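# Fold and geometry: a report
Next come the chains, spelled out residue by residue.
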Amino acid sequence: MSARVIVAMSGGVDSSVAAAMLCEQGYDVVGIAMRLASEPATHIAKRRGTCCSHDDFEDARRVAERMDFPFYVIDLRADFNARVIDNFVSEYLGGRTPNPCVMCNREIKFDRLWSRARALDADYIATGHYARIHRDDRGTFHLLRAADDAKDQSYFLFSLGQAELSRTIFPLGNMTKAEVRARARELGLATADKPESQEICFVPDGDYARFVERNSAPAAIRTGRIVDAEGRALASHDGLHRFTVGQRRGLGIATGDRLYVREIRAESGEVVVGRRGELDSAGLIASRVSMVDESIASRGETMVEVKIRYRHAAIPASFNLEADGRAEVRFIDGGPAVTPGQACVFYRGDEVLGGGFIERALEA
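### Some points on the overall build of the protein chain
Along its length, the protein chain carries eight helices and 17 strands. Here the C-alpha radius of gyration of the protein chain, 22 Å, is about what a compact globule of 364 residues would show, namely 21 Å. Viewed in the frame of its principal axes, the protein chain has a C-alpha envelope of about 70 × 50 × 35 Å. Residue pairs in contact within the protein chain that sit at least 24 positions apart in sequence constitute 65% of those at least 6 positions apart. Roughly 16,900 Å² of accessible area belongs to the protein chain as shown, and the carbon and sulfur atoms make up 44% of that amount. Separation of charge centres in the protein chain, based on 49 positive and 53 negative side chains, amounts to 3 Å.

### Some details on the packing of helix H1 (residues 13-24) against helix H7 (residues 177-187)
Two elements in contact, H1 and H7, have axes whose closest approach is 10 Å; the angle formed by their N-to-C orientations is 60°. Our pair here, H1 against H7, has a crossing hand that is left-handed. From H1, Val 13, Asp 14, Val 17, Ala 20 and Glu 24 reach across to H7, where they touch Lys 177, Val 180, Arg 181, Arg 183, Ala 184 and Leu 187. Grouping the amino acids of the contact of H1 with H7 by side-chain chemistry returns six nonpolar, no polar and five charged.

### Here's the deal with the nonpolar core
Judged by nonpolar contacts, the single largest core of 49 residues is most densely connected at Ile 6, Phe 80, Phe 88, Tyr 155 and Phe 202. Elements that contribute at least two residues to this core include exactly strand S1 (4-8), strand S2 (28-35), helix H4 (77-93), helix H5 (100-119), strand S6 (141-145), helix H8 (208-214), strand S16 (343-348) and strand S17 (351-363). Counting residues per element, this core draws most heavily on H5, which supplies eight residues. Filtering out sequence-adjacent residues up to four positions away, Ile 6 remains in contact with Val 30, Ile 32, Leu 113, Ala 117, Leu 120, Ala 122, Tyr 124, Ile 125 and Ala 126. Listed in part, the 31 residues of the second largest apolar core include Val 5, Ala 60, Met 67 and Ala 184.

### Description of H4
Of all the bends in H4, the largest measures some 30° and sits at Ile 85. Every buried residue of H4 is listed here: Phe 80, Val 84, Ile 85, Asn 87, Phe 88, Val 89, Glu 91, Tyr 92 and Leu 93. Here the buried face of H4 lies against H5 and H8. Immediately downstream of H4, the backbone of Gly 95 shows phi near 80°, a positive value.

### Quick word on the environment of Arg 288
Looking at where Arg 288 falls in the secondary structure, it is placed in strand S12 (residues 281-291). Taking C-alpha positions, Arg 288 is 6.3 Å from Phe 357, a pair spaced 69 residues apart along the chain. Those residues within four positions of Arg 288 in sequence are excluded, and the remaining contacts are Met 103, Arg 106, Gly 325, Gly 355, Gly 356 and Phe 357.

### Here we look at the packing of aromatic side chains
In total, this model carries 13 aromatic pairs according to the counting rule given. Considering the side-chain rings of Tyr 92 and Tyr 208, the 6.4 Å spacing of their centres and the 40° angle between planes classify their relative orientation as tilted. Of this pair, Tyr 92 sits in helix H4 while Tyr 208 sits in helix H8, and the two are 116 residues apart along the sequence. Under the relative-accessibility criterion, Tyr 92 is labelled buried at 7%. Counting every residue linked through ring pairs, the aromatic cluster contains Phe 80, Phe 88, Tyr 92, Phe 202, Tyr 208 and Phe 211. Taking the ring centre of Tyr 347 as reference, the NZ or CZ of Arg 145 above it sits at 4.1 Å. The ring of Phe 357 has Arg 288 lying over it, and the distance from NZ or CZ to the ring centre is 4.2 Å.

### Focus on the sheet that holds S1
Whether parallel or antiparallel, the strands of a sheet pair through hydrogen bonds between backbone atoms. One open sheet accounts for five strands, arranged S3-S2-S1-S4-S7; its pairing is parallel. If you trace the sheet from one side to the other, it starts and ends with strand S3 (71-75) and strand S7 (168-169), each paired once. Two elements, S1 and S2, share five bridges in a ladder whose sense is parallel. Residue pairing for S2: Val 5 is matched across the bridge by Val 29.

About the cut-offs
- Residues numbered from 1 in each chain as written.
- Predicted model: local features only at pLDDT ≥ 70, side-chain atom pairs only at ≥ 80, totals over all residues.
- Heavy atoms only, no water.
- Helix = DSSP H or I, 4+ residues; strand = E, 2+ residues; numbered from the N terminus.
- Rg over C-alpha atoms; globule rule 2.2 N^0.38 Å.
- Contact = heavy atoms within 4.5 Å.
- Areas by Shrake-Rupley, 256 points an atom, 1.4 Å probe, with all protein chains shown as cover.
- Lys, Arg positive; Asp, Glu negative; His and termini not counted.
- Charge placed at Lys NZ, Arg CZ, Asp CG, Glu CD.
- Axes fitted to C-alpha atoms, helices over the stretch in contact; angles between N-to-C directions.
- Left-handed = near helix turned anticlockwise from the far one by under 90°.
- Nonpolar A, V, L, I, M, F, W, Y, C, P; charged D, E, K, R; others polar.
- Core = buried A, V, L, I, M, F, W, Y, C linked by side-chain atoms within 4.5 Å.
- Buried < 20%, exposed > 50% of the residue type's maximum accessible area, 1.4 Å probe, protein only.
- Bend = angle between axes of the 7 residues up to and from the residue.
- Phe/Tyr/Trp six-rings, centres within 6.5 Å; stacked < 30°, edge-to-face > 60°.
- Lys NZ or Arg CZ within 6 Å of the ring centre and 35° of its normal.
- Pairing = 2+ DSSP bridges.

And the structure:
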């Protein structure tokens, strides 16, 4: 009897090819699409590309029909609103910059996929993420970067532990995007040349500040002053949610220097700006840290490379995990500004060791 695998299908080419490859390998495939966000406006969907729309689900259904496996859509909008959108809004209101894709993987996608897998007596779950899983001779599972570094998505998966990795498949981990599209054309899949989704699925127009304002009580918007490091007022602002550490554009300050957001103070409503060199930090404090292999946590100070944003190059650092799930990370040669709220992910070469969420910067 073939092993059953639940495949998360977004209606894009990646998840379509992942499902098709597993069918070809003899798995008993069941496709599941998750309705997470409200349907975007048609003109926005066409302009930017989205996921989770009715058309996306129909594209996924056509792939399932062609490859002859069952396909279902499950409505997770209530959970998504409570765990991802509410977090997104509250983080911005608190002066932090969230990463909703990390939260969605952590709180919704894998959690809900596993609950469906148990209900359907499935042995594995699979997604179209570009990442790899390796099992060593001792039976320990390792999460690795994708072979295609330009498409690598291991950053978003750091919360997966041994139990999850042992029953997860990433069929695209050793493929490039060009190879995935070529494979889709060979299979005659309707999604072969479909554009990639853009922006955050629930903010398809990319206007995060307006989204936060629409989903907040007016009293929750924290206005205040833009100040320099000495506390001198340079301008006023309409809300902390309009700023992120490292931001240069849209500050509304006319000076002879290029100024960047250095710090956001939720308590006072102040946005502190400075010159580029003033943003540098010695490291960071991370909270809600989880490790792929929990034995790493007992090793004391550990040398790692840390990514402080998805598109940021990994930085050599020392890492020390405390008992409360917080970690002190110190950059070996100093580092750039860090953004509270963003995920920081610890690597050793191609391997993901774990990660957490940036709480604050350590002063240089």
